[in-house]
Protein chains: 2
Amino acid sequence: MSETKLSQIRRRNDPTNPTPRKSERTRQAILDAALKFLWTQPFRDLTVGKLMSLAGTSRSSFYQYFQDLHDLMETLLCGLEEDIFGVAAPWLQGEGDPIPLLEETMEGLVRVCYQQGPILRAVADAAPMDERLEKAWADFLKDFDDAVTDRIEQHQAAGLIKPFDARPIAISLNRMDAYLLIHHFGRRPRGNRESVREAILRVWILTLYGDKPLAESVPGSRAKRHAKPSRSKNS
Amino acid sequence: MSETKLSQIRRRNDPTNPTPRKSERTRQAILDAALKFLWTQPFRDLTVGKLMSLAGTSRSSFYQYFQDLHDLMETLLCGLEEDIFGVAAPWLQGEGDPIPLLEETMEGLVRVCYQQGPILRAVADAAPMDERLEKAWADFLKDFDDAVTDRIEQHQAAGLIKPFDARPIAISLNRMDAYLLIHHFGRRPRGNRESVREAILRVWILTLYGDKPLAESVPGSRAKRHAKPSRSKNS
DNA sequence: TTAGTATATGACACAATGTCAGAAACAAAG
DNA sequence: CTTTGTTTCTGACATTGTGTCATATACTAA
């Protein structure tokens, strides 16, 4: 008996298995349904009932896969965190002239958040309602604060950035990013990718490398922009 | 009959009335109870039942005074907004050397939030759960973004601040303030007033007036602080 | 004291959660 | 194809919290 059972378990857990277990398909259906819902409605309107009717199974089966809605959000957050740290690698870890690296990183950040904005928004919305999720969200932010702080300090040691207390600046920049990305990409209709990217990039460069001569090689930035920039008071 | 009725109403609405109406006392008791609760517990644990048992009346009477918990939070937010705009006046509207004005404003901001931190935190926590409150909170933030943006642009016109796009910087600074104030003063035990004040002030001055020689007149800052500042990596 | 209004209360209907025992679907072995 | 053991799904239930309403109680001014 034990051999048989073990082989079943082995097969079942094999990720290359061509026919994934039913449970995996259902689980994915729930995640897809959640995403679909959050593209058009805020997290506060999501209930287990609505979600599962979207996913096409009964309400109670939700609890086979997730403890509750916040647990589900935590799952989505984990995926997002990987993606974001992936695209942030150039500036956080790359070598060479930091400004092109920063451009690449922000380009990627905007791309990822443009695609997954609702997750960002929904997690931020849901976090205060659940202790665990609140912790996960705080850690997520803190990981970025730490990474950015370290990078600033490295660049300061290398003379690329003026010596100031790095952490508050890192926090400031990260909170602005979070606000802008959630605000513009958190729900449909989404804001303009290019303008968000440019706004974020401009502030980072100005804040960190502002005393250096600005490279005009920013891809996508219009040719001349030396006059007082158009006041972007659109909230 | 109409005279009698009117005089009652007049008396009742007179704020200088030595014996305020019962309803006013109850209303205040509810607000006090809410504040007391929020000093020690997060908004997510607040229910109408708990609140009213703290306030000393029955659960259902809550609804005579507020539509729901979010409506109550909105009331608390309004009070806070007044206080904050009050203390922010020096830098936002004052005349003269901007750095002492900024110091005064940040001193006041920290003082007010030290005293009312839980309101700030609870409103921020509760906002995503209610459309109206979300709007009120967004407006609250936007009012600040607007005011700071205007002030930066005025100082830019006067040559006190270098010419850059003011709004993203204003947003960045405001979001950092919100984060730090909520993080350190949003619940007990609260963080250190002085260190928060210094951190915020440093970033604002560095960001806005960074190219100017720094006045060492910051009240409360220790005499010499020219070496690399102690890395404040305490989250 | 009383009349009339203001305030407070308990009972109710409703919505959503999370659990559980049993039903149904599935997949491997005979 | 059937059997058998396991996985997955489901409806019913108990629980918690909300907001409303008719009615009871407590005020206040005359």
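Residues numbered from 1 in each chain as written. Chains lettered and ligands numbered in written order. Predicted model: local features only at pLDDT ≥ 70, side-chain atom pairs only at ≥ 80, totals over all residues. Heavy atoms only, no water.

Draft legend 1. Seen up close, the interface of chain B and chain A. Taken together, the 38 residues of chain B in the interface contact 37 residues of chain A. Regarding the contact of chain B and chain A, the summed buried area is about 3400 Å², with carbon and sulfur atoms giving 58% of it. At the junction of chain B and chain A, the tally comes to 6 salt bridges. Where Glu 134 of chain B meets Arg 121 of chain A, a salt bridge forms, and the shortest distance between an N and an O atom there is 3.7 Å. Our count for the chain B to chain A interface comes out at 7 residue pairs in polar contact (both at pLDDT 80 or more). Listing elements by their share of the side of chain B that touches chain A, those giving two or more residues are α5 (98–126), α6 (131–157), α7 (166–185) and α8 (193–209) of chain B. Examining the composition of the side of chain B that touches chain A, we find that 10 residues originate from one element, α7 of chain B, more than from any other. A breakdown of the residues in the side of chain B that touches chain A according to their chemical character gives 14 nonpolar, 6 polar and 18 charged. (Contact = heavy atoms within 4.5 Å. Buried area = accessible area lost by both parts, 1.4 Å probe. Salt bridge = Lys/Arg side-chain N within 4 Å of Asp/Glu carboxyl O. Polar contact = N/O pair within 3.5 Å; in protein donor to acceptor, adjacent residues only side chain to side chain. Helix = DSSP H or I, 4+ residues; strand = E, 2+ residues; numbered from the N terminus. Nonpolar A, V, L, I, M, F, W, Y, C, P; charged D, E, K, R; others polar.)

Draft legend 2. Here's a closer look at the relation of the copies chain B and chain A. Overlaying chain B with chain A gives an RMSD of 0.0 Å, the required rotation being 180° about an axis along which the chain moves by 0.0 Å. What we have between these two chains is a two-fold relation. Interface overlap between copies: 97% of the residues of chain B at the interface are likewise at the interface in chain A, consistent with a symmetric, same-surface contact. (Least-squares fit on C-alpha atoms with pLDDT ≥ 70 in both.)

Draft legend 3. Region of the structure containing helix α5 (residues 98–126) of chain A. Residue and element names in this part refer to chain A. The first and last C-alpha atoms of α5 sit only 35 Å apart over 29 residues, clearly below the 42 Å expected at 1.5 Å per residue. Approximately 80° is the largest bend angle found in α5, and it occurs at Gln 116, with the proline Pro 118 only one to four residues beyond. For α5, a buried count of 23 out of 29 residues is recorded, marking the element as mostly surrounded by other parts of the structure. (Expected span 1.5 Å × (residues − 1). Bend = angle between axes of the 7 residues up to and from the residue. Buried < 20%, exposed > 50% of the residue type's maximum accessible area, 1.4 Å probe, protein only.)

Draft legend 4. Fine view of the protein's contact with DNA strand C. Not every one of the 21 residues close to DNA strand C is listed here, only the nearest: Arg 59 of chain A together with Arg 21, Ser 23, Ser 58 and Tyr 65 of chain B. Take the atoms of DNA strand C that sit within 4 Å of the protein: sugar and phosphate atoms are 58% of them. Residue Tyr 63 of chain A places a side-chain N or O atom 3.2 Å away from a phosphate oxygen belonging to DNA strand C. The separation between a phosphate oxygen of DNA strand C and a polar side-chain atom of Thr 26 of chain B is 2.9 Å. Listing elements by their share of the surface near DNA strand C, those giving two or more residues are α1 (2–13) of chain A together with α2 (22–40) of chain B. (Near = heavy atom within 4 Å.)

Draft legend 5. Seen up close, the packing of aromatic side chains. Residue and element names in this part refer to chain A. A complete count under the given rule lists 14 aromatic pairs over all chains for this structure. When the centroid spacing of 5.2 Å and the interplanar angle of 90° are considered together, the rings of Phe 62 and Tyr 63 count as edge-to-face. By relative accessible area, which is 0% here, Phe 62 ends up buried. When the ring of Trp 91 is compared with that of Trp 204, the centres are 5.7 Å apart and the planes differ by 85°; the resulting orientation is edge-to-face. Of this pair, Trp 91 sits in helix α4 (residues 69–93) while Trp 204 sits in helix α8 (residues 193–209), and the two are 113 residues apart along the sequence. For Trp 204, a relative accessible area of 2% corresponds to the buried category. An aromatic cluster is present here, built from Phe 85, Trp 137, Phe 140 and Phe 144 joined pairwise through their rings. (Phe/Tyr/Trp six-rings, centres within 6.5 Å; stacked < 30°, edge-to-face > 60°.)

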